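So you can see what is in the structure, the chains are spelled out below.
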Amino acid sequence: LEEEGPPALLFPPPKPATAPPSRRQPTASGELPMAPVEVLEELEVVLQALHCLHEDMKLNVLEHAALPPLARLLLLLAVSLGASSRADHYIRHHPTLAALDVKTAVSPAVAGFTPSLAAE
């Protein structure tokens, strides 16, 4: 029997992800330039990931003490992104957050940056 080498893969390995050049090259000040839309997209991904963490932590009684601070962060992120249904979700699960004045807790820079908050 002749060996032909390693067997062919059913699925090729994934190609490494490369960011657009504008996001990979720092400016002269060392900052990575990002358009406002890109920032919002990244924050939506962060909100989704932290929401999944929050839901997972609710299943473990040993992690319940860490839920209120995480819910506060999630509420502020949701309000900043204009995700009112998400904000409502966190207030319903953590009623003490209803007393939080989220419009003053969110940075004015973020409030001016997010169209849904600037209109309110």
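Quick caveat: nothing in here was measured; it's all calculated off a predicted structure. (Residues numbered from 1 in each chain as written. Predicted model: local features only at pLDDT ≥ 70, side-chain atom pairs only at ≥ 80, totals over all residues. Heavy atoms only, no water.)

(A) Highlighting the overall build of the chain. A count of helices and strands for the chain gives seven helices and zero strands. Mapped from its N terminus to its C terminus, the chain presents α and β elements in the order α-α-α-α-α-α-α. Taken over 120 residues, the chain has a buried fraction of 21%. Partitioning the intrachain contacts of the chain with sequence separation of at least 6 by distance along the chain shows that 50% fall at a separation of at least 24. (Helix = DSSP H or I, 4+ residues; strand = E, 2+ residues; numbered from the N terminus. Buried < 20%, exposed > 50% of the residue type's maximum accessible area, 1.4 Å probe, protein only. Contact = heavy atoms within 4.5 Å.)

(B) Just the pattern of salt bridges, in detail. A complete count under the given rule lists two salt bridges for this structure. A salt bridge links Lys58 to Glu55; the shortest N-O distance between them is 3.2 Å. (Salt bridge = Lys/Arg side-chain N within 4 Å of Asp/Glu carboxyl O.)

(C) Expanded view of the nonpolar core. Ranked by size, the top nonpolar core spans 17 residues in total, and within it Leu47, Leu74, Leu75 and Tyr90 carry the most contacts. Listed by contribution, the elements that provide at least two residues to this core are helix H2 (36–57), helix H3 (67–81) and helix H4 (84–93). Contacts of Leu75, omitting those with residues within four sequence positions, involve Ala87, Tyr90, Ile91, Leu97, Leu100 and Val102. (Core = buried A, V, L, I, M, F, W, Y, C linked by side-chain atoms within 4.5 Å.)

(D) Here's a closer look at H3. For H3, built from 15 residues, the straight-helix expectation of 21 Å at 1.5 Å per residue is met to within 8% by its first-to-last C-alpha distance of 21 Å. Among all positions in H3, only Leu67, Leu70, Ala71, Leu74, Leu75, Leu76, Leu77, Ala78, Val79, Ser80 and Leu81 are buried. Following H3 by one or two positions, Gly82 adopts a phi angle in the positive range, close to 75°. (Expected span 1.5 Å × (residues − 1).)

(E) Local environment of the side chain of His54. Tracing the backbone shows His54 in helix H2. Among all residues touching His54, those that are not within four sequence positions of it are Leu67, Leu70, Ala71, Leu74, Tyr90 and His94.

(F) Just the packing of H3 against H4, in detail. Packing of H3 against H4 brings their axes to within 8 Å, and their N-to-C directions diverge by 155°. Between H3 and H4, the angle falls in the class roughly antiparallel. In terms of crossing hand, the pair formed by H3 and H4 is left-handed. Contact residues: Ala71, Leu74, Leu75, Ala78 and Val79 in H3; Arg86, Ala87, Tyr90 and Ile91 in H4. In terms of residue class, the contact of H3 with H4 is made up of eight nonpolar, no polar and one charged. (Axes fitted to C-alpha atoms, helices over the stretch in contact; angles between N-to-C directions. Parallel < 35°, antiparallel > 145°, perpendicular 65-115°, else oblique. Left-handed = near helix turned anticlockwise from the far one by under 90°. Nonpolar A, V, L, I, M, F, W, Y, C, P; charged D, E, K, R; others polar.)

(G) Expanded view of H2. Here H2 contains 22 residues, and its C-alpha end-to-end distance of 31 Å stays within 8% of the 32 Å for a straight helix at 1.5 Å per residue. Among the residues making up H2, those that are buried are Glu38, Leu47, Leu50, His51, His54 and Met57.

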